[in-house]
Amino acid sequence: MRVVEAQKVEKTYQAGNAAVHAVRSMDFVIDAGAFVAFVGPSGSGKSTLLNMIAGLDRPTAGRLTVLGVDVATLGRSDAAAFRGENLGFIFQDFNLIPVLSAYENIEYPLLMVQDWPAAKRRTQVLKLLDAVGMADQKDKRPDQLSGGQKQRVAVARALVANARLVLADEPTANLDHNTAYRIIALMKAMRDELGTSFVFSTHDTKIMSEAEHLFTLEDGRLAGSTAREAAHA
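Cut-offs used in this document
- Residues numbered from 1 in each chain as written.
- Predicted model: local features only at pLDDT ≥ 70, side-chain atom pairs only at ≥ 80, totals over all residues.
- Heavy atoms only, no water.
- Salt bridge = Lys/Arg side-chain N within 4 Å of Asp/Glu carboxyl O.
- Buried < 20%, exposed > 50% of the residue type's maximum accessible area, 1.4 Å probe, protein only.
- Helix = DSSP H or I, 4+ residues; strand = E, 2+ residues; numbered from the N terminus.
- Axes fitted to C-alpha atoms, helices over the stretch in contact; angles between N-to-C directions.
- Parallel < 35°, antiparallel > 145°, perpendicular 65-115°, else oblique.
- Left-handed = near helix turned anticlockwise from the far one by under 90°.
- Contact = heavy atoms within 4.5 Å.
- Nonpolar A, V, L, I, M, F, W, Y, C, P; charged D, E, K, R; others polar.
- Core = buried A, V, L, I, M, F, W, Y, C linked by side-chain atoms within 4.5 Å.
- Pairing = 2+ DSSP bridges.

### A word on the pattern of salt bridges
Link 1 in the chain: Scanning all chains against the criterion turns up 11 salt bridges.
Link 2 in the chain: Among the ionic pairs, D139 bridges to K138, the shortest N-O distance being 3.4 Å.
Link 3 in the chain: Note on D139: relative accessible area 58%, which makes it exposed.
Link 4 in the chain: A salt bridge links E212 to R191; the nearest nitrogen and oxygen atoms lie 2.8 Å apart. Note that E212 is positioned in the loop between α7 (205-210) and β9 (213-218) and R191 in helix α6 (residues 177-194), a separation of 21 residues in sequence.
Link 5 in the chain: Residue classification places E212 among the partly exposed residues on the basis of a relative accessible area of 27%.
Link 6 in the chain: Residue classification places R191 among the buried residues on the basis of a relative accessible area of 10%.
Link 7 in the chain: Residues participating in the shared-partner salt-bridge network are R191, D192 and E212.

Here you go:
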């Protein structure tokens, strides 16, 4: 099954009288269970592409299908519902809510987006806390956690609502070398266990070495596509 398919996708912005081509005539396919990275320098179109896959931005031209849905056809409320039901997000700066515990941060999407009943929420949150190795830290707030622990909580939050696709924007940029590899290994383990697809935007060589497919972007164009074996042991 294809989770993402792009056909001649373009994104153009107006900057004064000039047109800025953020994404240019891009074609690619991402299959279910993928562990994929879009790589390239700043300004190459990585974040714009993730925003379009998430339905936060619309292509100017072409067709972008995510989980069988043409995201450009979704209105604002439908796009939000689509994200809540199908997508998870992991951010460079973790984006945890400071006043909530690790448990409450993971639970938050189930309260605010999915509206799961209390017993079902508790079972799911405890399952994810255990899966990411944070069960013994569940009552701590973000300022009491290390960077690696915060990102573990963020991974659990991204997966708690049974996301079919997780979009991760520079998820290891603020982590040290060893912690970054542990987080990547955790995400792969979650992919293997849950069948969730992971798509990254990054210029981090650690993720590049572990991704199973690399899409290289240059000046908004797809400059290369490489299926590969992970190099790190």
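Structure shown, so let's carry the discussion forward.
### Comments concerning the packing of helix α5 (residues 147-159) against α6
Link 1 in the chain: As a packed pair, α5 and α6 sit with axes 10 Å apart at the nearest point and diverge in direction by 20 degrees. Between α5 and α6, the angle falls in the class roughly parallel. Handedness of the α5/α6 crossing: right-handed. Taken together, the residues of α6 that come into contact with α5 (itself represented by G148, Q151, R152, V155 and L159) are T179, R182, I183, L186, M187, M190 and L194.
Link 2 in the chain: Of the residues in the contact of α5 with α6, the class split is 7 nonpolar, 3 polar and 2 charged.

### Focus: the nonpolar core
Link 1 in the chain: Among the nonpolar cores identified, the biggest contains 41 residues, and I90, V155, M187, F198 and F200 are the most heavily contacted of them.
Link 2 in the chain: Contributing elements (two or more residues each) for this core: β3 (35-39), α3 (102-114), α4 (118-131), α5, β7 (165-169), α6 and β8 (197-202).
Link 3 in the chain: With 7 residues, α6 is the single largest residue contributor to this core.

### Some words on the side chain of S101
Link 1 in the chain: Structurally, S101 is set in the loop between β6 (87-91) and α3.
Link 2 in the chain: On the basis of relative accessible area, S101 is assigned to the buried category, the value being 8%.
Link 3 in the chain: Beyond its immediate chain neighbours, meaning those up to four positions away, S101 contacts K138, D139, K140 and R141.

### A short note on the sheet that holds strand β2 (residues 18-31)
Link 1 in the chain: In space, the 4 strands of this open sheet follow the order β2-β1-β4-β5, with antiparallel pairing throughout. On the outer flanks of this sheet lie β2 and β5 (69-70), each paired with one strand and no other.
Link 2 in the chain: With 5 bridges connecting them, strand β1 (residues 2-15) and strand β4 (residues 61-66) associate as antiparallel partners. Bridged to A6 within β4 is L64.

### Some thoughts on the packing of α3 against α4
Link 1 in the chain: Two numbers describe how α3 lies on α4: the axes approach to 10 Å, and their chain directions differ by 135 degrees. Overall, the two elements α3 and α4 adopt an arrangement that is oblique. Along this stretch, α3 crosses α4, giving a crossing that reads as right-handed. Judged by residue contacts, Y103, I106, E107, L110 and L111 of α3 engage R121, R122, Q124, V125, L126 and L129 from α4.
Link 2 in the chain: A per-class count over the contact of α3 with α4 returns 7 nonpolar, 1 polar and 3 charged.

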